[in-house]
Amino acid sequence: MSRAIYPGSFDPITNGHASILKSGLVAFDEIVVAVLDNERKRPLFSVNERIEMIRETVKEIGADPKRIEVDSFGGLLVDYCRRKQVRVVLRGLRAVADFEYELQMANMNRHLNEEIETVFIMANDAYFYVASNLVKEARRLGGDVSGLVPEAVARRLDERFGPRVSDESAPSSDG
Ligand code: ADP
């Protein structure tokens with residue numbers, strides 16, 4: 001059975017991540033979505049919240065939950081791969097800007113453990129410019145990010161940041 005680990009911050013998961021996950025399921029029997037537990041990145045959402053949103057997203061996209069494990073890890077990715085006994089790391093590639101960083105990471109991981117292979121899937125062009133950080137910033141400033149994130153994430157962002165400016169000024173249904 002083919003398995004891959006899809007690691008990332010997922011703070012929060014976006015439709016871009018979700019599309020990589022869907023494509024990944026074409027290539028692999030099972031995918032472990034591994035949330036990086038790294039406080040140094042000053043995440044907006046806790047690891048548990050990020051895991052919950054990923055699980056809800058798996059339901060939303062209609063993927064088979066038996067084929068997707070959602071987990072978290074700290075420390076080196078290659079050590080996590082060894083613990084899970086998985087040799088393939090799945091990453092998504094967006095614009096050229098991702099390329100250099102991803103190449104560095106893949107090479108570093110290969111240096112640390114030459115048995116680990118990194119596989120890239122091209123981003124869906126609809127989500128080429130979608131990044132968790134941009135989504136958070138846009139929503140924080142009151143922008144509409146629906147369509148870029150799963151419903152479960154949009155709800156959490158609403159809880160976190162309150163109503164959007166345009167929502168507040170919209171006439172309420174009871175006049
Ligand atoms: P990290 O902090 O490790 O970069 P992210 O959660 O930002 O974690 O991203 C995890 C992976 O998903 C990375 O390989 C990244 O390139 C990919 N990714 C992020 N956003 C998109 C997107 N919109 N389309 C395709 N891949 C994406």
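So, here is what we can say about the structure in this document. In this text, all values refer to a predicted model and were calculated from it rather than measured experimentally.

Describing the packing of aromatic side chains
Link 1 in the chain: Enumeration over the complete set of coordinates arrives at three aromatic pairs.
Link 2 in the chain: Ring centres of Tyr6 and Phe10 lie 5.1 Å apart, and the angle between their planes is 85 degrees; on these two criteria the pair is classed as edge-to-face.
Link 3 in the chain: For Tyr6, a relative accessible area of 5% translates into the label buried.
Link 4 in the chain: Assessed through its relative accessible area of 2%, Phe10 is described here as buried.
Link 5 in the chain: Taken together, a centroid distance of 5.8 Å and an interplanar angle of 70 degrees make the contact between Phe128 and Tyr129 edge-to-face.
Link 6 in the chain: Judged by relative accessible area, which is 66%, Tyr129 ranks as exposed.

Quick notes on the site of the ligand
Link 1 in the chain: The local shell around the ligand holds 17 residues, among which Ser9, Lys41, Gly92, Tyr127 and Val130 are the closest.
Link 2 in the chain: Between the ligand and Lys41, the relevant distance is 2.7 Å, taken from an oxygen atom to a side-chain nitrogen or oxygen of the residue.
Link 3 in the chain: In the model, an oxygen atom of the ligand is placed 3.1 Å from a nitrogen or oxygen of the Arg91 side chain.
Link 4 in the chain: Protein chains shield 91% of the accessible area of the ligand, which is 550 Å² for the free molecule.
Link 5 in the chain: Elements supplying a minimum of two residues to the shell around the ligand: strand E1 (3-8), helix H1 (15-27), strand E4 (88-93) and helix H4 (96-112).
Link 6 in the chain: In terms of residue class, the shell around the ligand is built from seven nonpolar, five polar and five charged.

A look at H1
Link 1 in the chain: With 13 residues, H1 should cover 18 Å at 1.5 Å per step; its first-to-last C-alpha distance of 19 Å lies within 8% of that length.
Link 2 in the chain: Residues of H1 that are buried: Asn15, Gly16, His17, Ala18, Ser19, Ile20, Leu21, Gly24 and Leu25.
Link 3 in the chain: One side-chain oxygen of the residue at the start of H1 lies 3.1 Å from the amide nitrogen of Gly16, identifying that residue as Thr14.

Observations regarding the nonpolar core
Link 1 in the chain: Ile31, Ile54, Ile68 and Leu90 are the most contacted members of the largest nonpolar core, which has 30 residues in total.
Link 2 in the chain: Taken together, the elements giving at least two residues each to this core come down to E1, H1, strand E2 (30-36), helix H2 (47-60), strand E3 (68-73), E4 and helix H6 (151-161).
Link 3 in the chain: No other element matches the five residues that H2 contributes to this core.
Link 4 in the chain: In contact with Ile68, other than residues within four places in its own chain, are Leu21, Leu25, Ile31, Val33, Val58 and Ala63.
Link 5 in the chain: The next biggest cluster of nonpolar side chains, apart from the first, holds 11 residues, and it includes Val32, Ala34, Leu77 and Val89.

Observations regarding unusual backbone geometry
Link 1 in the chain: Cis rather than trans, the peptide bond between Asp11 and Pro12 has omega equal to 0 degrees.
Link 2 in the chain: With respect to the helices, strands and loops of the structure, Pro12 is situated in the loop between E1 and H1.
Link 3 in the chain: Even without a glycine there, the phi angle at Arg42 is positive, about 45 degrees.
Link 4 in the chain: Mapped onto the elements of the fold, Arg42 is located in the loop between E2 and H2.

Some remarks on the pattern of salt bridges
Link 1 in the chain: Summed over the entire model, instances satisfying the criterion amount to 16 salt bridges.
Link 2 in the chain: Note that Arg156 and Glu52 form a salt bridge whose closest N and O atoms lie 2.7 Å from each other. Here the residue Arg156 occupies a position in helix H6, and Glu52 occupies one in helix H2, the gap between them amounting to 104 residues.
Link 3 in the chain: Looking at Arg156, the relative accessible area reads 14%, which means it is buried.
Link 4 in the chain: Classification of Glu52 as partly exposed rests on a relative accessible area of 39%.
Link 5 in the chain: The salt bridge partner of Arg140 is Glu137, with a shortest N-O separation of 3.0 Å. Pair noted here: Arg140 and Glu137 are both in helix H5 (residues 132-140), with a separation of three residues, about one helical turn.
Link 6 in the chain: Of the residues examined, Glu137 reaches a relative accessible area of 35% and is grouped as partly exposed.

Analysis parameters
- Residues numbered from 1 in each chain as written.
- Predicted model: local features only at pLDDT ≥ 70, side-chain atom pairs only at ≥ 80, totals over all residues.
- Heavy atoms only, no water.
- Phe/Tyr/Trp six-rings, centres within 6.5 Å; stacked < 30°, edge-to-face > 60°.
- Buried < 20%, exposed > 50% of the residue type's maximum accessible area, 1.4 Å probe, protein only.
- Near = heavy atom within 4 Å.
- Polar contact = N/O pair within 3.5 Å; in protein donor to acceptor, adjacent residues only side chain to side chain.
- Areas by Shrake-Rupley, 256 points an atom, 1.4 Å probe, with all protein chains shown as cover.
- Helix = DSSP H or I, 4+ residues; strand = E, 2+ residues; numbered from the N terminus.
- Nonpolar A, V, L, I, M, F, W, Y, C, P; charged D, E, K, R; others polar.
- Expected span 1.5 Å × (residues − 1).
- Core = buried A, V, L, I, M, F, W, Y, C linked by side-chain atoms within 4.5 Å.
- Contact = heavy atoms within 4.5 Å.
- Salt bridge = Lys/Arg side-chain N within 4 Å of Asp/Glu carboxyl O.

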